[in-house]
Amino acid sequence: MESAWKRAKRALGLSFCAQAPRRSSLDDVGDSLSDVRLSDGSLSVLSSDSGYRALIPTTPTPTSSGLKVSKSKVKSLKKTCTICLGPMKPGQGQALFTAECSHEFHFHCISSNVRHGNYICPICRSNWTEIPFHTSTNSPIPLQLPRPLTTPVLRQSISLPARPHEPGLFNDDEPVDHTQVLTPPKETQSGSELKSVEIVTYTEFSSVVQNVTKDDFALLVHIRAPRTNSSPRAPVDLVTVLDTSGSMAGTKLALLKRAMGFVIQNLGPSDRLSVIAFSSSARRLFPLRRMSDSGRQLALTAVNSLTAGGGTNIAEGLKKGAKVIEDRLLKNPVSSIILLSDGQDTYNVSPSIKGVNNVRMEYKCLVPSRYIPVHAFGFGTDHDSTALHSISEASGGTFSFIEDEGVIQDAFAQCIGGLLSVVVQRMRVSLECVQNGVSISEIKSGSYASLIKGDGRNGLIEAGVLYADEERDFLISVKVPKVCVEETILVRVGCSYKDPVTKETLNLEAKKVSIQRPRISVAETGSVEVDRERNRVRASEAMALARASAEKGALSEAVEILEGERNRLSETLTGKMGDKLCVSLDAELKEMQERMKSRKRYEESGRAYVLSGLSSHSWQRATARGDSTEGDSLVRSYQTPLMSDMVQRSQTLGFGGFRRPIQPR
């Protein structure tokens, strides 16, 4: 098996810079986007039709100040601006800046870095005391040079200014543009592809004898979201809250910049992005801005300005990210926050009160609302998985564990593959008992809020947001009474939801769920679909019990719980059939057992792995953990086709390929 460092090198593509690919004329989006370099070891992102040729890479070496670059590479870049990768030749009409460390840049490129608060050299990381400064948007401060030079070089000596002042109210978001998404193309008005939510129901058995009472008869409500092969998609407001504490220095920061470059390149021109960086404190690097060509260039420059240093103040970062969401003047239909951290929150959670319930209450008041999910990512093996998991749970988001630092881009890719394909919002599933004597006794809905009203005659499930082709399963237990008729209608299942593109609220016709009531018992095999869902629910419950035992220090008990569940799983109907989900569940339970065999292993990776699995099963949504983003992984539950496609795009990009981003049609 590859070591973590080798996988990190492969993920970096053995390169140390990232370029924003120039768009071809087929994009019909106006001016081309200038190439922007992401320092600290990010990957070169090259379009196959752009005509660019990748620089020969060097192997990155982790250091406290970034990634080392070979002398031959530096020599080859002497006449190239390492920010935009454009040429720096005399007589081309562009001012140049030579820093006190002797590295040269285009004046407008490096001054943009300075405006974002970055006062260190992107190449050697040395601190500057003399920096470039613009007096206007048109021209730099003129400087009388002591002697003529063949290349016009500008150096301006001024006092180091304070970082740009942050406004008290983040209402400076760029206006939204819905012109591309509000009118669906004509070809989507007809056809056979799925246009609305589909509901299918299954009963544990198709019949129950008339003179028999069942107190916990199971029925399954299966929901599938529409596809979006030719439909427009809803634009996104995305706020990224990124840890830049001292522990992120070197390879981690390089990988983060590379992953953010991938996110920026795959957002469409109607999507908006904001970047928050936090260490000991938090600051907004980039306001909520549309990802047009110019917006992408500015976003890449802001990401390039990230530097590592200080402590880890997750709460401050989360507060600032929530403030961007809450203060914005306008809103895109879909909104989300991505939170990444690699360390323990050293500012807000005291070790003496670091219990699960305390941490959950600590952060719950910081998330914007349940309609703004925070998708949290624990980076490496020293992050605060309990805190990040509680943040995601409180907001309706997911928690992913990036154990192998090299797969951070794949983890981000899977997440945005979902966010860029939201087709259902605020889904509500209603249950109504029809015949006398029938009542709802239990609803298994994971983290989705559910309610049984009054005497059990009505039930409700808040199913939230669905991505394209995403599925949800809810297991319902009902009481079936004795009857003297040949059929019993158990429930009527209805559904309402909001279309994020048209903003319409749609109501589906209620579907009747019934069983036959013969006088004589008829032998039959139980429903495969119900058995499969029951196994998924019981496996996730076993994971939660095992985690509770592990947190109390009873690791052997936790391992026994998981072993017992594996044995039970193998004896079920779908377990004996070799069902794909059962195989995946068994592999996941086995991996959790391995990570609970010692206290050290559990603290390093077991807790985070289990919490990420619980997050995935409770929301029925894909999370990154272990090798879950790899094509041959057994733990790939809930990944939608578009999420899988985005991960594949990320992995292809890791080897120098590039594909155009998914954009609203």
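This write-up is about the structure you can find in this document. (Residues numbered from 1 in each chain as written. Predicted model: local features only at pLDDT ≥ 70, side-chain atom pairs only at ≥ 80, totals over all residues. Heavy atoms only, no water.)

Here we take up the pairing of strand β14 (residues 422-433). Relative to strand β17 (residues 458-467), β14 runs antiparallel, the two sharing eight bridges. Within β17, the residue paired with V424 across the bridge is L466. Summarising the sheet, β14 and strand β19 (residues 487-498) pair through seven bridges and their orientation is antiparallel. Within β19, the residue paired with V429 across the bridge is C495. (Pairing = 2+ DSSP bridges. Helix = DSSP H or I, 4+ residues; strand = E, 2+ residues; numbered from the N terminus.)

A separate point is the sheet that holds strand β9 (residues 272-278). Strand pairing within a sheet occurs via backbone hydrogen bonds; the two strands may be parallel or antiparallel. Here we have six strands laid out as an open sheet, ordered β10-β9-β8-β11-β12-β13, and mixed in their pairing. A strand with exactly one partner marks an edge of an open sheet, and here the two such strands are β10 (282-290) and β13 (399-402). Pairwise comparison of adjacent strand axes, ignoring direction, gives a mean angle of 15° for this sheet. Bridge count between strand β8 (residues 236-243) and strand β11 (residues 334-341): seven bridges; the pairing is parallel. Note on β11: the bridge partner recorded for L242 is L340. Relative to strand β12 (residues 374-379), helix α8 (residues 385-395) is tilted by about 165°, and along the sheet it contacts β11, β12 and β13. Packed onto the sheet, helix α9 (residues 408-419) meets β8, β11, β12 and β13 and runs at close to 165° relative to β11. (Axes fitted to C-alpha atoms, helices over the stretch in contact; angles between N-to-C directions. Contact = heavy atoms within 4.5 Å.)

Our focus in this paragraph is the side chain of T244. With respect to the element layout, T244 can be found in the loop between β8 and α4 (251-266). In this structure, T244 is in contact with A277, F278, S279, L306, T307, A308 and G309, ignoring residues within four places of it in sequence.

Moving on: the pattern of salt bridges. Throughout the structure, instances matching the rule amount to 34 salt bridges. R595 is the partner of E591 in a salt bridge, and the nearest nitrogen-oxygen pair spans 2.8 Å. Sharing partners across several salt bridges, the network here consists of R547, E551, R599, E603 and R607. (Salt bridge = Lys/Arg side-chain N within 4 Å of Asp/Glu carboxyl O.)

Its 16 residues give helix α11 (residues 555-570) an end-to-end C-alpha distance of 23 Å, which sits within 8% of 22 Å, the value for a rise of 1.5 Å per residue. Those residues of α11 lying buried are L555, A558, L562, E565, R566 and L569. Along α11, the residues classed as buried sweep out an arc of 100° about the axis, all on the same side. Facing away from the buried surface of α11 by more than 90 degrees, the exposed residues are S556 and E560. Next to the buried residues of α11 lie α10 (528-551), α12 (573-577), α13 (580-594) and α14 (599-619). (Expected span 1.5 Å × (residues − 1). Buried < 20%, exposed > 50% of the residue type's maximum accessible area, 1.4 Å probe, protein only. Arc of directions from axis to C-beta.)

Another aspect to go through is the sheet that holds strand β16 (residues 450-453). Spatially, five strands are ordered β16-β17-β14-β19-β20 in an open sheet, and the strand pairing comes out antiparallel. Each having just a single partner strand, β16 and β20 (505-516) make up the two edges of the open sheet. Pairs of neighbouring strands in the sheet enclose a mean axial angle of 20°, with direction left out of account.

Core analysis: the biggest nonpolar cluster contains 49 residues, and L256, L340, I408 and F412 have the highest contact counts within it. When residues in this core are grouped by element, the largest group, eight residues, is from α4. Ranked by size, the runner-up nonpolar core spans 46 residues in total, among them I276, A282, A394 and L589. (Core = buried A, V, L, I, M, F, W, Y, C linked by side-chain atoms within 4.5 Å.)

Turning next to unusual backbone geometry. Positive phi, close to 65°, is recorded for D469, a residue that is not glycine. If you trace the backbone, D469 turns up in the loop between β17 and β18 (471-480). D469 sits in the buried class, given a relative accessible area of 13%.

By secondary structure assignment, the location of R492 is in strand β19. Along the sequence, R492 and K512 sit 20 residues apart, while their C-alpha atoms lie 4.5 Å from each other. When sequence neighbours within four positions are dropped, the list of residues in contact with R492 reads S430, L431, E432, V434, A510, K511 and K512.

This part takes up the packing of α4 against helix α5 (residues 293-304). Any two packed helices are characterised by how steeply their axes cross, that is the angle between the axes, and by the distance between the axes. The N-to-C vectors of α4 and α5 enclose an angle of 170°; their axes lie 10 Å apart at closest approach. Between α4 and α5, the angle falls in the class roughly antiparallel. Both α4 and α5 take part in a crossing whose hand is right-handed. Residues K257, M260, G261, I264 and Q265 of α4 form the contact with α5, whose own contacting residues are R296, A299, L300, V303 and N304. Among the residues making up the contact of α4 with α5, the classes are represented as five nonpolar, three polar and two charged. (Parallel < 35°, antiparallel > 145°, perpendicular 65-115°, else oblique. Left-handed = near helix turned anticlockwise from the far one by under 90°. Nonpolar A, V, L, I, M, F, W, Y, C, P; charged D, E, K, R; others polar.)

For the rest of this paragraph, the subject is the environment of L256. With respect to the helices, strands and loops of the structure, L256 is situated in helix α4. Owing to a relative accessible area of 0%, L256 belongs among the buried residues under this scheme. Distance in space between the C-alpha atoms of L256 and L306 is 9.7 Å, their sequence separation being 50 residues. Excluding residues that lie within four positions of it along the chain, L256 makes contacts with L242, D243, M248, L340, I408 and F412.

Examined against the element boundaries, R568 turns out to sit in helix α11. Looking at R568, the relative accessible area reads 23%, which means it is partly exposed. For the pair R568 and R538, spaced 30 residues apart in the sequence, the C-alpha separation amounts to 9.7 Å. Ignoring sequence-local partners within four residues, the contact set of R568 consists of N535 and R538. Here N535 takes part through its side chain, which lies 3.1 Å from a polar atom of the side chain of R568. (Polar contact = N/O pair within 3.5 Å; in protein donor to acceptor, adjacent residues only side chain to side chain.)

Inspection of every chain in the model, using the stated rule, returns three aromatic pairs. Ring centres of F377 and F412 lie 5.1 Å apart, and the angle between their planes is 70°; this geometry places the pair in the edge-to-face category. Here F412 lies in helix α9 and F377 lies in strand β12, a separation of 35 residues in the sequence. On the accessibility criterion, F377 (1% relative accessible area) is buried. For F412, a relative accessible area of 0% corresponds to the buried category. Plain terms: the ring middles of Y448 and W619 are 5.0 Å apart, the flat faces sit at 90° to each other, and that makes the pair edge-to-face. One end of the pair, Y448, is in the loop between β15 (439-444) and β16; the other, W619, is in helix α14, with 171 residues separating them in the sequence. (Phe/Tyr/Trp six-rings, centres within 6.5 Å; stacked < 30°, edge-to-face > 60°.)

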